[in-house]
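For reference, the chains in residue letters:
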Amino acid sequence: MARKMIPKPTESELEILQVLWQHGPSTVRFVNDELSQRREVGYTTTLKLLQLMLDKGLALRDDDARTHVYRAAVREEETQGLLLDKFVDAAFGGSAMKLVMQALGNRRTSREEVAQIRRLLNDIEIQNDTTPPSTDPTR
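Cut-offs applied
- Residues numbered from 1 in each chain as written.
- Predicted model: local features only at pLDDT ≥ 70, side-chain atom pairs only at ≥ 80, totals over all residues.
- Heavy atoms only, no water.
- Domains from an automatic or database assignment.
- Pairing = 2+ DSSP bridges.
- Helix = DSSP H or I, 4+ residues; strand = E, 2+ residues; numbered from the N terminus.
- Contact = heavy atoms within 4.5 Å.
- Axes fitted to C-alpha atoms, helices over the stretch in contact; angles between N-to-C directions.
- Buried < 20%, exposed > 50% of the residue type's maximum accessible area, 1.4 Å probe, protein only.
- Polar contact = N/O pair within 3.5 Å; in protein donor to acceptor, adjacent residues only side chain to side chain.
- Core = buried A, V, L, I, M, F, W, Y, C linked by side-chain atoms within 4.5 Å.
- Phe/Tyr/Trp six-rings, centres within 6.5 Å; stacked < 30°, edge-to-face > 60°.
- Parallel < 35°, antiparallel > 145°, perpendicular 65-115°, else oblique.
- Nonpolar A, V, L, I, M, F, W, Y, C, P; charged D, E, K, R; others polar.
- Left-handed = near helix turned anticlockwise from the far one by under 90°.
- Salt bridge = Lys/Arg side-chain N within 4 Å of Asp/Glu carboxyl O.

## Quick word on the domain arrangement of the protein
The parts lose accessible area when they come together, and the size of an interface is often stated as this lost area.
Link 1 in the chain: According to the domain assignment, the protein contains domain 1 (11-76) and domain 2 (95-125).
Link 2 in the chain: Computed from C-alpha coordinates alone, the two centres of domain 1 and domain 2 are separated by 33 Å.

In structure tokens, the structure reads:
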């Protein structure tokens, strides 16, 4: 199934989306205050970024109140999938195995994380066993 075309957010836009995904609809002031906890950022910069995100289709704005409230126009999971697909293609030649090997080989993985990974792999195997093969020659 093809993904809906969503614009790729910049790093700064992704930071704002994280705030909107975590806290829901928010004012520019709230978003700016949240961003300022991590790094220094001016109010007008946050406002301009939100306006650009509105134009790109990454954010929506409620103009009903005196204070504009912004919310994410894209789902977190879809955006993560898009970014991950592009990253895996660019950095690992499209190989999920290379990505996983790099991720697991470069840091200590806890027993709990290994158990979660095993459960995920088991779930994927079960899903693959119960999903009929595609008749689409492009897959």
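Having seen the structure, we can now continue with the description.
## Quick word on the sheet that holds strand 2 (residues 59-62)
Link 1 in the chain: Across the sheet, three strands lie side by side as 1-3-2; this open sheet has antiparallel pairing. Taken across any chain shown, the strands that pair with only one partner, and hence form the sheet edges, are strand 1 (26-27) and strand 2.
Link 2 in the chain: Examined bridge by bridge, strand 1 and strand 3 (residues 69-72) share two bridges and lie antiparallel to one another. Directly across from Thr27, in strand 3, lies its bridge partner Val69.
Link 3 in the chain: Set on the sheet, helix 3 (residues 43-56) makes contact with strand 2 and strand 3; between it and strand 2 the angle comes to about 105°.

## Remarks on the side chain of Ser26
Link 1 in the chain: Tracing the chain through its elements places Ser26 in strand 1.
Link 2 in the chain: We classify Ser26 as buried; its relative accessible area is 4%.
Link 3 in the chain: A polar side-chain atom of Ser26 sits 2.7 Å from the main-chain carbonyl oxygen of Gly24.

## A short note on the nonpolar core
Link 1 in the chain: Grouped together as the largest cluster of nonpolar side chains are 19 residues, with contacts concentrated most on Ile16, Leu50 and Met53.
Link 2 in the chain: When contributions to this core are tallied by element, the ones reaching two or more residues are helix 1 (11-23), helix 2 (28-36), helix 3 and strand 3.

## With respect to the packing of aromatic side chains
Link 1 in the chain: In this structure the tally under the stated criterion is one aromatic pair.
Link 2 in the chain: Judged by centre distance (5.6 Å) and plane angle (75°), the ring pair of Phe87 and Phe92 falls under edge-to-face.

## Description of the packing of helix 1 against helix 3
Each pair of packed helices can be summarised by the angle the axes make with each other and by the distance between the axes.
Link 1 in the chain: Close contact between helix 1 and helix 3 brings their axes to 10 Å; oriented N to C, the two are set at 90°. In terms of their interaxial angle, helix 1 and helix 3 are classed as roughly perpendicular. Contacts from Ser12, Glu13, Ile16, Leu17 and Leu20 of helix 1 reach helix 3 at Thr46, Leu49, Leu50, Met53 and Lys56.
Link 2 in the chain: Residues that form the contact of helix 1 with helix 3 fall into these classes: six nonpolar, two polar and two charged.

## Notes on the packing of helix 2 against helix 3
Link 1 in the chain: Direction vectors running N to C along helix 2 and helix 3 enclose 115°, while the axes themselves pass 9 Å from each other. As helix 2 packs across helix 3, the resulting crossing turns out to be right-handed. Residues Val28, Arg29, Val31, Asn32 and Leu35 of helix 2 form the contact with helix 3, whose participating residues are Tyr43, Thr46, Leu47 and Leu50.
Link 2 in the chain: Taken together, the residues that form the contact of helix 2 with helix 3 break down as six nonpolar, two polar and one charged.

## Some words on the pattern of salt bridges
Link 1 in the chain: Applying the stated criterion across every chain yields a total of five salt bridges.
Link 2 in the chain: Its salt-bridge partner being Arg61, residue Asp63 comes within 2.7 Å of it at the nearest N-O pair.
Link 3 in the chain: Among the salt bridges present, the one from Glu77 reaches Arg75, with a minimum N-O distance of 3.8 Å.

## Here's the deal with the pairing of strand 3
Link 1 in the chain: Here strand 3 shows one buried face, formed by Tyr70 and Ala72, and one open face, formed by Val69 and Arg71.
Link 2 in the chain: In terms of strand pairing, strand 2 meets strand 3 through four bridges, oriented antiparallel. Its bridge partner being in strand 3, Ala59 is matched across the sheet by Ala72.

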